[in-house]
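# Observations on chain architecture
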Amino acid sequence: MKTNSLSFKYELEKKEPRTNDGGTTRGASVTDFPASIGIAGVSMRLQPGSMRELHWHANAAEWAYVISGTVRTTIIHPNGHSYTDNFEPGDVWYFPKGYGHSIQATGTEECHFILIFDNGNFSEDHTFSVTDFVSSMPPEIVAQNLGITLEEVAALPQKEAYFAAGIVPDELSFNAAPRLEESDIELTNLHRYPLHSQQPRIIPGGGLQRLVTSKEFPISTTMAGSIIELQPGALREMHWHPNADEWQYYISGQAEMSVFLAESTVVTEQFNAGDVGYVPMGAGHYIKNTGNTVCKILIGFNSGVYQSIDLSEWLAGNPKDVIVTNFGLAEGEIEKFPKSKLFIQPEK
């Protein structure tokens, strides 16, 4: 077996954060995490009332999962329609590339969420923020555009705010409501999917999976996501994804992952809570819970369609003589092999 110098692990929560006005962010792009070519990620925390200011991303869509606390988002579409949504732990949002949006913590406790972007070159530090946009333009242009005086322009932020501290919004107040005409009110949550409310796929003794793709969440055309929980010793079996890279955030527990890169090359990593893992498209891998508590993992894919080829299902789908010949099995040994897809294998 050969080894590879490229690491598929990044200790995200140990990174020095960017912090001000009640917000904290830690990001991992391909610059920080060279293996993560196709996907970037951010761990962000907001104190109640603190806001990630109005901004947009020119080179990536944003898929997010709320770990704790509550948060409100706003977003505008190119057709002029705006949407305001409230999120709780286990909820997911998706914002297409280039759509202006904001994120503000509500409630009485810190909100922690993970942002996943479908471009490894994305950096949360180099997005287009509204205060940076406005303060960079000639004051007379801003005054004309916003209908205010030059003195009032001078009182606006003169550089990027990034985070803005505010009061916790009252969802019943007029100021907290989306500014829409009555005819524009939407009854559906276009940008919100309650993943934690989904009935999970349960493997007795092994764990569970919740999965959201563009089929369940139609606006999420470029990304899919999953929550996997592994019982102690359980194995998310050897598999690969033919159509997408995989980005992982370890929410709790401990795990081992090995990534197979062909030609006998394997990279094995050990993970703890707060670490990030990455698997290139088509690379074989497994995840095994190596701790004594449940290991909970958030997984993002840079495709709205989820595809996985699991080793057990692949072998079980072939005639027995093919497997016997391929592995040089002794007589009767094939009967020990899986007869169907395992997905998660409990510890024996």
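So, how was this worked out
Residues numbered from 1 in each chain as written. Predicted model: local features only at pLDDT ≥ 70, side-chain atom pairs only at ≥ 80, totals over all residues. Heavy atoms only, no water. Helix = DSSP H or I, 4+ residues; strand = E, 2+ residues; numbered from the N terminus. Buried < 20%, exposed > 50% of the residue type's maximum accessible area, 1.4 Å probe, protein only. Contact = heavy atoms within 4.5 Å. Areas by Shrake-Rupley, 256 points an atom, 1.4 Å probe, with all protein chains shown as cover. Lys, Arg positive; Asp, Glu negative; His and termini not counted. Charge placed at Lys NZ, Arg CZ, Asp CG, Glu CD. Domains from an automatic or database assignment. Buried area = accessible area lost by both parts, 1.4 Å probe. Salt bridge = Lys/Arg side-chain N within 4 Å of Asp/Glu carboxyl O. Polar contact = N/O pair within 3.5 Å; in protein donor to acceptor, adjacent residues only side chain to side chain. Nonpolar A, V, L, I, M, F, W, Y, C, P; charged D, E, K, R; others polar. UniProt positions renumbered as here; feature names shortened; annotations may be inferred. Pairing = 2+ DSSP bridges. Axes fitted to C-alpha atoms, helices over the stretch in contact; angles between N-to-C directions. Phe/Tyr/Trp six-rings, centres within 6.5 Å; stacked < 30°, edge-to-face > 60°. Lys NZ or Arg CZ within 6 Å of the ring centre and 35° of its normal. Core = buried A, V, L, I, M, F, W, Y, C linked by side-chain atoms within 4.5 Å.

## A few points about the overall build of the protein chain
What the protein chain contains, in helices and strands, is five helices and 26 strands. Here the C-alpha coordinates of the protein chain stretch approximately 90 × 45 × 35 Å along the principal axes. Burial statistics for the protein chain: of 348 residues in total, 46% are counted as buried. Within the protein chain, contacts between residues separated by at least 24 positions form 76% of all contacts whose residues are at least 6 apart in sequence. Carbon together with sulfur atoms contributes 54% to the accessible area of the protein chain, which is approximately 17,100 Å² in total. A gap of 8 Å separates the mean positions of the 24 positive and 42 negative side-chain charges of the protein chain.

## Re the domain arrangement of the protein chain
Domain parsing of the protein chain yields domain 1 (9-192) and domain 2 (196-345). The C-alpha-based centres of domain 1 and domain 2 are spaced at 32 Å. In this assembly, 33 residues from domain 1 lie in contact with 29 residues from domain 2. Surface buried jointly by domain 1 and domain 2 totals about 2,400 Å² across both partners, of which 72% is contributed by carbon and sulfur atoms. Where domain 1 packs against domain 2, one counts one salt bridge. The partner of lysine 9 in a salt bridge is aspartate 275, with the nearest N and O atoms 3.9 Å apart. There are ten residue pairs in polar contact (both at pLDDT 80 or more) connecting domain 1 and domain 2. Broken down by element, the side of domain 1 that touches domain 2 gets its largest block of residues, four residues, from strand S11 (residues 111-117). Residues of the side of domain 1 that touches domain 2, tallied by class, amount to 20 nonpolar, eight polar and five charged.

## What about the UniProt feature "domain: Cupin type-1" (unreviewed entry) in the protein chain?
Per the UniProt record, "domain: Cupin type-1" (unreviewed entry) is annotated on residues 10-154 and 193-335. Overall, residues 193-335 shows 10% helix and 45% strand. The separation of its end C-alpha atoms is 42 Å.

## Section: the sheet that holds strand S2 (residues 18-20)
As summarised here, the arrangement of the seven strands in space is S2-S3-S4-S11-S6-S9-S14, forming an open sheet in which the pairing is antiparallel. Single-partner strands in this sheet number two, and they are S2 and strand S14 (192-194). When strand polarity is set aside, the average angle formed by the axes of neighbouring strands in this sheet is 20°.

## Comments concerning the packing of aromatic side chains
Considering all chains together, one arrives at 14 aromatic pairs under this definition. When the ring of tyrosine 193 is compared with that of phenylalanine 217, the centres are 5.9 Å apart and the planes differ by 40°; the resulting orientation is tilted. Linking tyrosine 193 in strand S14 with phenylalanine 217 in the loop between strand S16 (207-212) and strand S17 (224-230), this pair joins segments that are 24 residues apart in sequence. The exposure class assigned to tyrosine 193 is buried, which follows from its relative accessible area of 15%. Connected via pairs of aromatic rings, a cluster forms that spans Phe87, Trp93, Phe95 and Phe113. Of note, arginine 18 hangs over the ring of tyrosine 162, and the distance from its end group to the ring centre comes to 3.7 Å.

## Examining the nonpolar core
Trp63 and Leu298 are the most contacted members of the largest nonpolar core, which has 48 residues in total. The dominant element in this core, judged by the number of residues it contributes, is strand S24 (residues 295-301), at five residues. When residues are assigned to domains, this core turns out to be shared by domain 1 (9-192) and domain 2 (196-345), each giving three or more. Non-local contacts of tryptophan 63, meaning those with residues more than four positions away in its chain, are made with Val92, Trp93, Tyr94, Ile114, Leu115, Ile116, Val212, Ser220, Met223, Ala224, Gly225 and Leu298. Within the second largest apolar cluster, 22 residues are counted, among which are Ala40, Leu46, Ile75 and Phe87.

## Considerations on the pairing of S17
Judged by how many residues are buried, S17 sits mostly within the fold: seven of seven residues are covered. In the sheet, S16 pairs with S17 via six bridges, with the strands oriented antiparallel. Within S17, the residue paired with glycine 207 across the bridge is leucine 230. Here S17 pairs with S24 via seven bridges, running antiparallel. Looking across to S24, one finds that glutamate 229 is bridged to lysine 296.

## Considering the environment of alanine 273
As for its position among the elements, alanine 273 is in the loop between strand S21 (266-272) and strand S22 (276-279). For alanine 273, a relative accessible area of 46% gives the class partly exposed. Setting aside anything within four residues of it in sequence, one finds alanine 273 in contact with Tyr250, Ile251, Ser252 and Gly253.

## Focus: the side chain of glutamate 237
Secondary-structure assignment places glutamate 237 in strand S18 (residues 235-240). No salt bridge is formed by the buried glutamate 237, whose closest oppositely charged neighbour, arginine 236, lies at an N-O distance of 4.8 Å. A polar atom in the side chain of glutamate 237 sits 3.3 Å from the backbone nitrogen of leucine 342. Polar contacts involving the side chain of glutamate 237 include one to the main-chain amide nitrogen of phenylalanine 343, which spans 2.9 Å. Beyond its immediate sequence surroundings of up to four residues, glutamate 237 is in contact with His285, Tyr286, Asp310, Leu311, Ser312, Lys341, Leu342 and Phe343.

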